[in-house]
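# Notes for the structure review
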There are 2 protein chains.
Amino acid sequence: MAGTDRSRGDPGALAEGAPAIILVKPQLGENIGACARAMLNCALTEMRLVAPRDGWPNPDAVPPASGADLVLDRAKLFDRTEAAIADLTFVLATTARPRDMAKPVLTPVGAAAELRARTARGERTGILFGGERSGLDNEDVALADAVLTVPLNPAFSSLNLAQAVLLVGHGWFAQGDATAPWQLPIPEAERASQADLDNLMARLALYLDQDGFFASPEMRPVILRNIRTALLRAGLSRQEVQTFHGVFKSVTGARAAEKD
Amino acid sequence: MAGTDRSRGDPGALAEGAPAIILVKPQLGENIGACARAMLNCALTEMRLVAPRDGWPNPDAVPPASGADLVLDRAKLFDRTEAAIADLTFVLATTARPRDMAKPVLTPVGAAAELRARTARGERTGILFGGERSGLDNEDVALADAVLTVPLNPAFSSLNLAQAVLLVGHGWFAQGDATAPWQLPIPEAERASQADLDNLMARLALYLDQDGFFASPEMRPVILRNIRTALLRAGLSRQEVQTFHGVFKSVTGARAAEKD
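## Brief notes about empty space enclosed by the protein
Residue and element names in this part refer to chain A. One pass over the full model with this rule turns up one cavity of 30 Å³ or more. In this model, the largest cavity occupies a volume close to 30 Å³. Lining the largest cavity, in full, are Pro108, Ala111, Ala112, Leu115, Ile127, Leu148, Val168, Gly171 and Trp172. Secondary structure elements with two or more residues in the lining of the largest cavity: helix H6 (108-120) and helix H8 (161-175). Per-element accounting of the lining of the largest cavity gives the leading share, four residues, to H6. Split into classes, the residues belonging to the lining of the largest cavity amount to eight nonpolar, one polar and no charged.

## Describing the relation of the copies chain A and chain B
Superposition record for chain A on chain B: RMSD 0.0 Å, screw rotation 180°, translation along axis 0.0 Å. Within this description, the copies of the chain are treated as partners about a two-fold rotation axis. Comparing contact sets, 100% of the residues at the interface of chain A also lie at the interface in chain B, consistent with an isologous, same-surface contact.

## Focus: the nonpolar core
Within soluble globular proteins, side chains that are nonpolar tend to cluster in buried spots. In terms of nonpolar packing, the biggest core is built from 88 residues, with Leu23 and Met47 of chain A together with Leu23 and Met47 of chain B touching the most fellow members. Ignoring any residue separated from it by four or fewer positions in sequence, one finds Met47 of chain B in contact with Ile21, Leu23, Ile32, Cys35, Ala36, Met39, Val71, Leu72, Arg74, Ala75 and Lys76 of chain B. By size, the runner-up hydrophobic cluster in this structure holds 15 residues, among which are Ala84, Leu88, Val141 and Val147 of chain A.

## Quick word on the sheet that holds strand E2 (residues 47-50) of chain B
Strand order in this open sheet of eight strands is E8(A)-E5(B)-E7(B)-E4(B)-E6(B)-E1(B)-E2(B)-E3(B), and the pairing throughout is mixed. Each edge of the open sheet carries a strand with a single partner, namely strand E8 (182-183) of chain A together with strand E3 (76-78) of chain B. Bridging between strand E1 (residues 20-24) of chain B and E2 of chain B involves four bridges; their strand directions are parallel. Across the sheet, residue Val24 of chain B finds its bridge partner in E2 of chain B, namely Val50 of chain B. Contacting E1 and E2 of chain B, helix H2 (residues 29-41) of chain B crosses the sheet at an angle of about 155° to E2 of chain B. Contacts from helix H8 (residues 161-175) of chain B reach E1, strand E4 (90-94), strand E6 (125-129) and strand E7 (146-148) of chain B, with the element oriented near 150° to E6 of chain B.

## Re the sheet that holds strand E6 (residues 125-129) of chain A
Across the sheet, which stays open at both edges, the eight strands sit in the order E3(A)-E2(A)-E1(A)-E6(A)-E4(A)-E7(A)-E5(A)-E8(B) with mixed pairing between neighbours. In this open sheet, the two edge strands, each paired with only one partner strand, are strand E3 (76-78) of chain A together with strand E8 (182-183) of chain B. Pairing of strand E1 (residues 20-24) of chain A with E6 of chain A, which is carried by four bridges, proceeds in the parallel orientation. By the bridge assignment, Ile22 of chain A is partnered in E6 of chain A with Leu128 of chain A. Contacts between H6 of chain A and the sheet are confined to strand E4 (90-94), strand E5 (105-106), E6 and strand E7 (146-148) of chain A together with E8 of chain B, with E4 of chain A contributing the most and set at about 160° to the helix. Packing against the sheet, H8 of chain A makes contact with E1, E4, E6 and E7 of chain A, and its axis sits at approximately 150° to E6 of chain A.

## Structural notes on the packing of aromatic side chains
Residues and elements named next belong to chain B. Tallied over the full model, the rule gives four aromatic pairs over all chains. Centre to centre, the rings of Phe213 and Phe214 are 5.3 Å apart; their planes meet at 85°, and the pair counts as edge-to-face. Taking the relative accessible area as the measure of exposure, Phe213 reaches 43% and is therefore partly exposed. Note on Phe214: relative accessible area 14%, which makes it buried. Taking 6.0 Å as the distance between ring centres and 45° as the angle between the ring planes, the aromatic pair formed by Phe244 and Phe248 counts as tilted. Within this pair, Phe244 and its partner Phe248 are both found in helix H11 (residues 238-259), separated by four residues, close to a single helical turn.

## Topic: the pattern of salt bridges
Per the counting criterion, the structure on display carries 24 salt bridges over all chains. In this structure, the salt-bridge partner of Arg124 of chain A is Glu46 of chain A, at a minimum N-O distance of 2.5 Å. Highlighted residues: Arg124 of chain A in the loop between H6 and E6 and Glu46 of chain A in the loop between helix H2 (29-41) and strand E2 (47-50), separated in sequence by 78 residues. On the basis of relative accessible area, Arg124 of chain A is assigned to the partly exposed category, the value being 25%. Between Asp198 of chain B and Arg228 of chain B there is a salt bridge, with the nearest N and O atoms lying 2.8 Å from each other. Of this pair, Asp198 of chain B sits in helix H9 (residues 194-210) while Arg228 of chain B is found in helix H10 (residues 219-234), placing the two residues 30 residues apart along the sequence. For Asp198 of chain B, a relative accessible area of 38% translates into the label partly exposed.

## Notes on the pairing of E6 of chain A
Residue and element names in this part refer to chain A. Within E6, five of the five residues are buried, which leaves it mostly tucked inside the rest of the structure. Of the two faces of E6, the one holding Thr125, Ile127 and Phe129 and the one holding Gly126 and Leu128 are both buried throughout. In terms of strand pairing, E4 meets E6 through four bridges, oriented parallel. Bridging across to E6, Val91 finds its partner in Gly126.

## Digging into the packing of H6 of chain A against H8 of chain A
Axes are the key here: two packed helices are described by the angle between their axes and the distance separating the axes. Residue and element names in this part refer to chain A. Remark: H6 packs on H8, axes separated minimally by 8 Å, with the N-to-C direction vectors making an angle of 55°. By the angle between their directions, the pair H6 and H8 is classed as oblique. Of the two elements, H6 crosses H8, and the hand of that crossing is right-handed. Where H6 approaches H8, its residues Pro108, Val109, Ala112, Ala113, Leu115 and Arg116 are matched on the opposing element by Leu167, Gly171, Trp172, Phe173 and Gln175. For the contact of H6 with H8, the residue count by class is eight nonpolar, two polar and one charged.

## A closer look at unusual backbone geometry
All names here are of chain A. The omega angle of the peptide bond from Trp56 to Pro57 is 0°, so this bond is cis rather than trans. Its place among the elements puts Pro57 in the loop between E2 and helix H3 (62-65). The residue Lys25 is not glycine, and still its phi comes out positive at about 50°. Given a relative accessible area of 47%, Lys25 falls into the partly exposed group. Backbone geometry places Ser66, a non-glycine residue, at a positive phi of 50°. In this structure, Ser66 sits in the loop between H3 and helix H4 (69-74).

The rules behind these values
- Residues numbered from 1 in each chain as written.
- Chains lettered and ligands numbered in written order.
- Predicted model: local features only at pLDDT ≥ 70, side-chain atom pairs only at ≥ 80, totals over all residues.
- Heavy atoms only, no water.
- 1 Å grid on protein atoms, 1.4 Å probe; cavity = no way out; pocket = protein on both sides within 12 Å on 5 of 7 lines; lining within 4 Å.
- Points joined across faces, edges and corners; volume = space filled by probe spheres on them.
- Helix = DSSP H or I, 4+ residues; strand = E, 2+ residues; numbered from the N terminus.
- Nonpolar A, V, L, I, M, F, W, Y, C, P; charged D, E, K, R; others polar.
- Least-squares fit on C-alpha atoms with pLDDT ≥ 70 in both.
- Contact = heavy atoms within 4.5 Å.
- Core = buried A, V, L, I, M, F, W, Y, C linked by side-chain atoms within 4.5 Å.
- Buried < 20%, exposed > 50% of the residue type's maximum accessible area, 1.4 Å probe, protein only.
- Pairing = 2+ DSSP bridges.
- Axes fitted to C-alpha atoms, helices over the stretch in contact; angles between N-to-C directions.
- Phe/Tyr/Trp six-rings, centres within 6.5 Å; stacked < 30°, edge-to-face > 60°.
- Salt bridge = Lys/Arg side-chain N within 4 Å of Asp/Glu carboxyl O.
- Parallel < 35°, antiparallel > 145°, perpendicular 65-115°, else oblique.
- Left-handed = near helix turned anticlockwise from the far one by under 90°.

Okay, structure coming up:
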């Protein structure tokens, strides 16, 4: 695991400047552990706990963290939300339902853009999540610069704590991720050329002619054109063209044997 | 809860034409239930189960579904993956790691775009998820049109089954959701005008003059300009301007009383 690829070797390597995840009055250690796992999935490593019901550290958090121990080990404990966000200059409060406060309301995508812009300017940011039972108090929401709400099925929008952390964290992670939304199946260098396809079609036509496949000479070019169209649409690799050469040859050999 | 707002009243109302979620050889009923909850959060209601280890129906699935009973009640059982996808024309296979198959690889965003385009053309689509232990077999992946992989922290990318369903489902849901990424805190009709701010600043200047606040007359316009700049940046509502009028008046009254 030692490595030149630092991002692969160190699970926390991507987290620099990332927002702190602040769990306010979480109840079950299991849920804190599941949050740690969701955080590290999204390269978030800074967990802050405000007055967890069962104290801290809590051994119940370890199994559901599934190896995200570094998040649990580094977690900082606070007695009040104000203390947990004292060093931050931009704080979001996650809420499932609208609160009657005149604050901007961001989606995960809007939040990610704002968090990344502020991180790039050197700001320290954080995201507040309420406890399992009823979420954040209005007093906690009042501390935040803006509200973050994940749009979901309006008739069934309740998430558990770790799922909320995962969706919000993934919004943040995805905006920094350069993976192409659609990666082509065959690298350009391995794609079959038109000449490769010409050779394959020539072999196929030869076999079909030998086999007497074309009942009507008028249909011969139409059928060959349709087959070429289908193969073109598949975007074959050179390797796949070779496989088809072998298949056509083998089937023809079998047919020839049958005729004997 | 009866209503004109059908999408709010019926948790499954948004799901028409949405992709089927196909769980292949899931093990724990609890995880099937958690998947049902994640599905309904994302307005996905069609669950298909291929050879669940502990049979179906499974009462263990009910509590973690947290009320997503309609997904469990409608779930269809199959003995083989081929049978579960027989009616579909576009199938994605979720995998955490690359498989050595020449298939397109999509992110949740890329997958959502493709699924929605195909749904709009009347196609029936589905997404395969493997069991908890080792994900999809290569034989199952081979059945799919394309692979779906969620980019995550490369050093810590393992998700549990319901979290994978949630991230993939949310990618699908979010692409059909019109919520603005940044909703302004004050509706346009309630925003204070420049005239409202003029009046507030005039009252403030009057009180500060009465109070002898400005030690140097040269600084008076500078300080008033800075205060106006800060209040402007807050983008006050008319209601908030009224609140500040009351605050300034009250503080001045208190000061006047102190001087008596």
